[in-house]
Amino acid sequence: MGNDEHSQNVYKRAVERGLDPRAYCDRMEEEFRGVWRQLDVSFDDFIRTTQPRHKVGVTELARRIHANGDVYEGRYEGWYCVGCEAFKQEKDLVDGRCPLHPASVPQWISEKNYFFRLSKYQQPLLDFYAANPDFLQPAFRLNEVRTFVEGGLQDLSISRTSFQWGIPVPDDPKHVMYVWFDALTNYITALGFGNGDNTRMERYWPSVTHLIGKEIVRQHALYWPAFLMSAGLATPKREIAHGWWLMGGAKMSKSIGNVARYQDYVEVFGVDEIGRAHV
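Since this is a predicted model, take the numbers as computed values, not measurements. (Residues numbered from 1 in each chain as written. Predicted model: local features only at pLDDT ≥ 70, side-chain atom pairs only at ≥ 80, totals over all residues. Heavy atoms only, no water.)

**What to know about the sheet that holds strand E10 (residues 172–177)**
Read from one edge to the other, the open sheet built from 3 strands follows the order E8-E10-E9, with strand pairing classed as antiparallel. The sheet is open, and its two edges are formed by strand E8 (159–160) and strand E9 (168–169), each paired on a single side. The pairing of E8 with E10 spans 2 bridges and is antiparallel. Along E10, the bridge assignment pairs Ser159 with Met177. (Pairing = 2+ DSSP bridges. Helix = DSSP H or I, 4+ residues; strand = E, 2+ residues; numbered from the N terminus.)

Right, dumping it as structure tokens:
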């Protein structure tokens, strides 16, 4: 289990509550741990992206990618959806708004960033998909990603200077790592990557399956394999992309508030029945 904490949304929520971002994240950790206790869910580890072990791993991954010649400095200009924590092309917007977060207007960002040479990995990614046809399931999701890659890849901004809530870029602390570079690395820092002990990486990483929502397929099935290839690391074995649970005809969203409260169901059916229904 764990919490992904370095995002503008987290920073925004902390400010709204008059809290230091770290204090807000400490509070949220206790809330999540409380949920799992109430549901009788146990776990072996609880990782947070604000922990020193995660920072060490992210820094090591960034250094490896830089050493491979895949990072350069440039200027980024474009639309950024804070809800998605992702840059958006004009064609991705509907009436000037992100289709997944229509309540907020994307921000126009122009700043000096570090870029990852994603374009360099267009053919390696296509070769990887061809050699691993079961990597992303269901199959039509892989077809979507393959079609996108075949259309040509642009290099990816992997740092920000407009705020400081994040992990500093190695040797240039004016920049913080792009939240998706930070968050994706959580999968391997949880296994000890970068901390001098590869025991759990060697034991578990070759067989890992990511279960993800369909709106973050591009980050997981395109950016993440490319980062790992650049760093000389193995990719996860498989990615399974699921659809959305809908409430009122829309995707469940914490920001919108159209969610199902587990407490209501536990009160009626009990913890054991909720767990059995989930399995």
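**Concerning the nonpolar core**
Membership of the largest hydrophobic core comes to 58 residues, with the highest contact counts inside it found for Tyr129, Ile158, Phe181 and Phe227. For this core, the elements supplying multiple residues, two or more each, are helix H3 (52–67), strand E3 (71–81), strand E4 (86–88), strand E5 (107–116), helix H4 (122–131), helix H5 (139–150), helix H6 (179–189) and helix H8 (217–231). The element contributing the most residues to this core is H8, with 9 residues. When neighbours within four sequence positions are excluded, Tyr129 is seen to be in contact with Phe135, Leu142, Val145, Arg146, Val149, Ala221 and Leu222. Among the nonpolar cores identified, the runner-up in size contains 7 residues, and Val10, Tyr24, Trp165 and Val176 belong to it. (Core = buried A, V, L, I, M, F, W, Y, C linked by side-chain atoms within 4.5 Å. Buried < 20%, exposed > 50% of the residue type's maximum accessible area, 1.4 Å probe, protein only. Contact = heavy atoms within 4.5 Å.)

**Comments concerning the pattern of salt bridges**
Tallied over the full model, the rule gives 15 salt bridges. Across the pair Asp171 and Arg63 runs a salt bridge whose closest N-O atoms are separated by 3.2 Å. With a gap of 108 residues between them, Asp171 in the loop between E9 and E10 and Arg63 in helix H3 connect regions that are remote in the sequence. Close ionic contact of Lys174 with Asp172 constitutes a salt bridge, the shortest N to O distance being 3.0 Å. Classification of Asp172 as buried rests on a relative accessible area of 9%. (Salt bridge = Lys/Arg side-chain N within 4 Å of Asp/Glu carboxyl O.)

**Considerations on the side chain of Gln8**
Within the fold, Gln8 resides in helix H1 (residues 8–16). In this structure the side chain of Gln8 is engaged in a polar contact, spanning 3.4 Å, whose partner is the side chain of Arg160. Apart from residues no more than four positions distant in its own chain, Gln8 is found in contact with Tyr80, Val82, Glu85, Gln107, Arg160 and Phe163. (Polar contact = N/O pair within 3.5 Å; in protein donor to acceptor, adjacent residues only side chain to side chain.)

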